[in-house]
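Residue-level structure breakdown
The residues making up each chain are set out below.
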Amino acid sequence: MAITPEEVAETLNMVSQQNLDLRTITMGISLYGCADEDMGRMCTKVYDRITKTAENLVPVATQLEREYGIPIANKRVSVTPIAQIAAACPDKDLTPIAHAMDRAAESLGIDFMGGFSALVQKGMGDADRRLIDSIPQALASTTRVCSSVNVASLRAGINMDAVLLLAQKMIDCARLTTDIDCYGAAKLVVFSNMVEDSPFMAGAIHGSGEADAVINVGVSGPGVMAAALRDLPEGADLMEVAERIKQTAFKITRAGELMSREAARRLGAEKGIVDLSLAPTPAAGDSVAEILEIIGVGECGGPGTTCALALLNDCVKKGGVMASSSVGGLSGAFIPVSEDAGMIRAAEDGALSIEKLEAMTCVCSVGLDMIAIPGDTPVEAIAGIIADEMAIGVINAKTTAVRLIPAIGKSEGDMLEFGGLFGSAPVMPVNRHAGNVFAHRGGRFPAPLNSLKN
C-alpha cells in the first residue's frame, strides 16, 4: 500500500501538535556465532558483532528523522538471550558480557540494549542460573543494558522456583542502585509468554527464529489518540468511540510502517514488525490514563477503567493491523505507572492501586509496569505479585510482565525520580498478606488444559 502525500501532511500535524513519535527503532542481532568457551574471546566477539552490524543504526535513524519530520525517541539494539550463548563457557559470573554489551551501546550511541536474558519457563539450566545470578551486578554496573527473564508460558506453565528467585533479584537490583533511586530494578522485567520480536525495553530480545539482523519499530501516539477522541461529539456512544480509535490507530501505524520499511532498506536488514503499542511518556498530553478519562472514566483506576482499557486495546489492534502486514511485538496499550502523568496522578490520589492495575493487565498489552513499592516489602509478597501476573498470562494465553522497583529506604507516598522517559514513580502500597508458604513451595505450576491445542 503506497504512502500518499495527504498521509504525510496529516502525520506532520500529529508530530507538531500531538506528540507523535516513533518510540523506538530497534535492531535485533543474532549472537549465536559469538559463543566461546573463553569468556574474554566471547566478550570480544559480542562487542565486534554488535558494533559491526549496527554501525549505521543511529546515522540512518537520524537521517530518517530529518527527511520525514517524525522524531525517533530511542535507538536500541536487542540481542540473542545471553544465557543461550553463555552455555559455552564455564564462568560463574557473566557480568563481563553485560559490560561488553554496554561498551558496544556506548560506541554506537544507542539508548538501550536488551538481551541479558534467559528463558526458564520449564526449567533452569546451568547457564540460565548463572545469568540470573549475574543480573543485579550486571545492571548496577552498566548504564544501557536491560535484562528480562521468561518464567512462564501457556505450554509450560509457571516455573515457581524462578519466580521466587527473580523476586529476590529485583530486591538485589534495587539495593545495588540506591544512589540512583533503585534504577537497576527498572531495567529488569519478568515475563509470561515473552514475545521474541518486541522493540520495547526492558523486555526486548532477538528470538531464535529471527534472521541475523532485523529492524523492529515501536510507534507511540497517546497524544494523537487523545486529540482524536476529544473531537468527538459530547454525546458520542461507544461504537463511535471505537470507530475513532480504529481510524486513529491506522494513521499512527502507517507512520511506523513507513519508517520501518525505509530503515530496513537502508540498513540492509530484514524488515521485522511494527509494534503499534500506545506507549505513554511523562509529558503533558501523552497519557494513556488521559485517554481512558476522555472515554468517560472519572479518574483512571475508578470503576469502568478496565472496560475502557479493553475497548482501547482491542480497537488499537483492529485499526493497526489494517495499516501493516507486519504487526507484532506487544501491540496494544501500555500502562507503565512512572511513565504516564495521568497514572502518577491517579496513584497519588488513591484512585489507582496495584490490585486495580492487575485487573487492567487482563485486557491490555503487558502487565504491572514501572511500579515502585515500599523498600521493606517481603520477598514472598513480590513473588506472589509476580506469580499472580504470570497466572493471568498463562491462563489467558497472553503476554504479561512484571517490572517492580523496591524503593529501598522509602515507604508509601514517597517518590522515585528517574527522569526522561522513565519519569517519576510514587511508592504504592502493597498487600502484606502473602504469607510465608506459597512462594516457597517451589516446583512448577502445570500448563493449563487450554494449552493442549493439537
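As a reminder, the structure under discussion sits directly above these lines.
Reference entry: report on the structure contained in this document. (Residues numbered from 1 in each chain as written. Predicted model: local features only at pLDDT ≥ 70, side-chain atom pairs only at ≥ 80, totals over all residues. Heavy atoms only, no water.)

1. A word on the state of the cysteines
Under the counting rule described, the total for this entry stands at zero disulfides. Of all cysteine sulfurs in the structure, the one in Cys 43 sits closest to Cys 89, which takes part in no disulfide; the separation is 8.2 Å. Classification of Cys 89 by relative accessible area gives buried; the value is 2%. Among the cysteines around Cys 182, which has no disulfide bond, Cys 173 carries the closest sulfur, lying 10 Å off. (Disulfide = S-S within 2.5 Å. Buried < 20%, exposed > 50% of the residue type's maximum accessible area, 1.4 Å probe, protein only.)

2. Digging into empty space enclosed by the protein
For the coordinates displayed, the defined rule picks out one cavity of 30 Å³ or more. There is about 30 Å³ of room inside the largest cavity. Every residue along the wall of the largest cavity is listed here: Val 219, Met 225, Ala 249, Ile 252, Thr 253, Leu 276, Leu 278 and Val 316. Looking at the lining of the largest cavity, the element that brings in the most residues is helix 9 (residues 238-267), giving three residues. For the lining of the largest cavity, the residue count by class is seven nonpolar, one polar and no charged. (1 Å grid on protein atoms, 1.4 Å probe; cavity = no way out; pocket = protein on both sides within 12 Å on 5 of 7 lines; lining within 4 Å. Points joined across faces, edges and corners; volume = space filled by probe spheres on them. Helix = DSSP H or I, 4+ residues; strand = E, 2+ residues; numbered from the N terminus. Nonpolar A, V, L, I, M, F, W, Y, C, P; charged D, E, K, R; others polar.)

3. Quick look at the layout of surface pockets
To find leftover empty space, a probe the size of one water molecule is rolled over the atoms. By volume, the largest pocket is sized at about 400 Å³. Lining the largest pocket are 28 residues; nearest its centre among them are Phe 200, Met 201, Ala 202, Glu 339 and Arg 403. By volume, the second largest pocket amounts to about 230 Å³. Residue lining of the second largest pocket: Ile 354, Glu 355, Glu 358, Ala 381, Gly 384, Ile 385, Asp 388, Pro 429, Val 430, Asn 431, His 433 and Ala 434, and that is the complete set.

4. Some thoughts on the nonpolar core
By size, the foremost hydrophobic cluster in this structure holds 156 residues, and its most contacted members are Ile 50 and Leu 312. Among the elements that make up this core, the one with the highest residue count is helix 7 (residues 160-175) (11 residues). When neighbours within four sequence positions are excluded, Ile 50 is seen to be in contact with Ile 29, Leu 31, Val 77, Val 79, Met 101, Ala 104, Leu 108 and Met 113. (Core = buried A, V, L, I, M, F, W, Y, C linked by side-chain atoms within 4.5 Å. Contact = heavy atoms within 4.5 Å.)

5. Some thoughts on the pattern of salt bridges
A full pass over the atoms with the stated rule returns 19 salt bridges. The residue Arg 41 makes a salt bridge to Asp 36 at a minimum N-O spacing of 3.0 Å. By relative accessible area, which is 43% here, Arg 41 ends up partly exposed. Arg 432 is the salt-bridge partner of Asp 376, the closest N and O atoms lying 2.8 Å from each other. Here the residue Asp 376 occupies a position in the loop between strand 9 (368-374) and helix 14 (379-395), and Arg 432 occupies one in the loop between strand 12 (423-426) and helix 15 (438-441), the gap between them amounting to 56 residues. By relative accessible area, which is 40% here, Arg 432 ends up partly exposed. Each member of the salt-bridge network shares a partner with another, and the members are Glu 67, Glu 262, Arg 265 and Arg 266. (Salt bridge = Lys/Arg side-chain N within 4 Å of Asp/Glu carboxyl O.)

6. Describing unusual backbone geometry
Looking along the chain, the bond that leaves Met 201 and enters Ala 202 is cis, with omega of 15 degrees. Inspection of the secondary structure assignment puts Ala 202 in the loop between strand 6 (188-192) and strand 7 (213-219). Unusually for a residue other than glycine, Asn 193 sits at a positive phi of about 55 degrees. Relative to the elements of secondary structure, Asn 193 occurs in the loop between strand 6 and strand 7. Residue Asn 193 is classed as buried on the basis of its relative accessible area, which comes to 18%.

7. Comments concerning the pairing of strand 3 (residues 112-119)
Among the eight residues in strand 3, seven count as buried, and that is most of the element. Where strand 2 (residues 72-79) lies against strand 3, three bridges are found, and the strand directions are parallel. By the bridge assignment for strand 3, Arg 76 is matched with Phe 112. Summarising the sheet, strand 3 and strand 4 (residues 145-153) pair through six bridges and their orientation is parallel. In the sheet register, Met 113 faces strand 4, and the bridge partner there is Val 145. Remark: the strand 3/helix 6 (residues 126-140)/strand 4 crossover connection has right-handed handedness. (Pairing = 2+ DSSP bridges. Right-handed = clockwise from strand over helix to strand, strands pointing away.)

Coordinates in, geometry out; function isn't part of it.
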